[in-house]
Amino acid sequence: MARREGGGGGEGAAPRRRRRPLRVVLIGLLVLAVVAVALFWLRDNKLLTPEGCSVKTPAGEGTLELPQAANAATIAAVAHARGLPDRAVTISLATAMQESKIRNLTGGDRDSVGLFQQRPSQGWGTVQQIMDPVYATNKFLDGLVKVPGYTRLPLTDAAQQVQKSGYPQAYAKHETKATLLASALTGREAASLNCVVHDFAAPDADGADTASAPQDRTQVLSDRVRREFGRTVTPAAGHTSTIKGAENAVSLTPDPTASTDSGPDAERQNGWAVAHWAVTQAQRLGIETVAYDGRIWRQAKSEDGWKPQPTGTSTKLVLVSLASPAKG
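This is a predicted model, so every value here is computed, not measured.

Caption draft 1: Examining the pattern of salt bridges more closely. With the rule as written, the count across this model stands at twelve salt bridges. For Arg82, the salt bridge identified is with Asp142, shortest N-O distance 2.9 Å. Of this pair, Arg82 sits in the loop between α2 (66–81) and α3 (86–100) while Asp142 sits in helix α5 (residues 133–144), placing them 60 residues apart in sequence. With relative accessibility at 31%, the residue Arg82 sits in the partly exposed group.

Caption draft 2: Layout of the nonpolar core. Within the largest apolar cluster, 70 residues are counted, with the highest numbers of intra-cluster contacts made by Leu93, Leu144, Leu181, Leu221, Trp277, Ile287 and Val290. No other element matches the nine residues that α2 contributes to this core. Sequence-distant contacts of Leu221, that is, excluding residues within four places in its chain, are made with Val250, Trp277, Leu285, Ile287, Val320 and Leu322.

Caption draft 3: Focus on α3. The first and last C-alpha atoms of α3 sit 21 Å apart over 15 residues, in line with the 21 Å expected at 1.5 Å per residue. Where α3 is concerned, the buried positions are Asp86, Ala88, Val89, Thr90, Ile91, Ser92, Leu93, Ala94, Thr95, Ala96, Met97 and Ser100. Where α3 is buried, its residues contact α2, α5, α6 (155–163), α7 (175–185) and α9 (266–280). Lys101 occupies a position one or two residues after α3 and carries a positive phi of about 60°.

Caption draft 4: The arrangement of the pairing of strand β7 (residues 295–298) in detail. Sheet topology note: the strand β6 (residues 287–292)/β7 ladder contains four bridges and is antiparallel. Each bridged residue has a counterpart across the sheet, and for Ala291 the counterpart in β7 is Ile296. Hairpin connection of β6 to β7: two residues between the antiparallel strands, including Asp293 at a positive phi of 55°. When β7 meets strand β8 (residues 307–308), the two strands line up antiparallel, connected through two bridges. Note that in β8 the partner of Arg295 across the bridge is Pro308.

Cut-off values and rules
- Residues numbered from 1 in each chain as written.
- Predicted model: local features only at pLDDT ≥ 70, side-chain atom pairs only at ≥ 80, totals over all residues.
- Heavy atoms only, no water.
- Salt bridge = Lys/Arg side-chain N within 4 Å of Asp/Glu carboxyl O.
- Helix = DSSP H or I, 4+ residues; strand = E, 2+ residues; numbered from the N terminus.
- Buried < 20%, exposed > 50% of the residue type's maximum accessible area, 1.4 Å probe, protein only.
- Core = buried A, V, L, I, M, F, W, Y, C linked by side-chain atoms within 4.5 Å.
- Contact = heavy atoms within 4.5 Å.
- Expected span 1.5 Å × (residues − 1).
- Pairing = 2+ DSSP bridges.

This is the structure we're talking about:
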């Protein structure tokens, strides 16, 4: 059979140029460019680090969601206001972990509600009262301080004498995490609690989160501090900040003698209790910066945690600045 001429495989045909390696390289570069743009977008939109709070001390580490951390800080603040020892904070936190996972629940077993799942039918108060974390914590502590030697009892025994739970041994499993969290919220471990906050909460019905004007926000913050810390912390609005970008500031001055557990480092410990509280409340109250003891926390860079701030801070007061209304 005669050979067909002029075909692609004929002797006179020019060899095909191999483009596949170049095409693979170009596709690889395109993929890398897409990944780089995606990573830049994610970082710019603060999606690489999810919102939430973390505690890190030499004794261990733990994490919480923002609402859990805010509620835990309220529990610690109320105990602080009453001059109770760290052990009371640990017992209270472990109890709330078991009862509600430190969430302010609107329901539960039978008519139980709130952080400690207290029941109106058992004399704990009205639903509205129990749903207030400050009220609920005070009611729990009212019962705890009546337990003889509660600071020396096993945690689960002390909690059970207040709660009268059907699962009396359940509180014990939370003791390690509660102790870790208490060490941060009482200020015993400085700069150990950080919260990543991307966006501030919208104003809620009772105005507890954000307000329409800067002076309103400072008032909301001051009222919250007084209600949770009582006379152990003095808020003062209108402080002139020496920290760049920390405008619309409120100074929070802790009483160095407030805590029965403070010891010789009372002033600094109580200050860190307040500073950590402020960070946990940042999303709810529109807090942009918290500065204390040579450190600063910035909401805009909250993934970085507490950073050195050599000027404009002291151990005498915690300086808190609030966001402008447009950011609320």
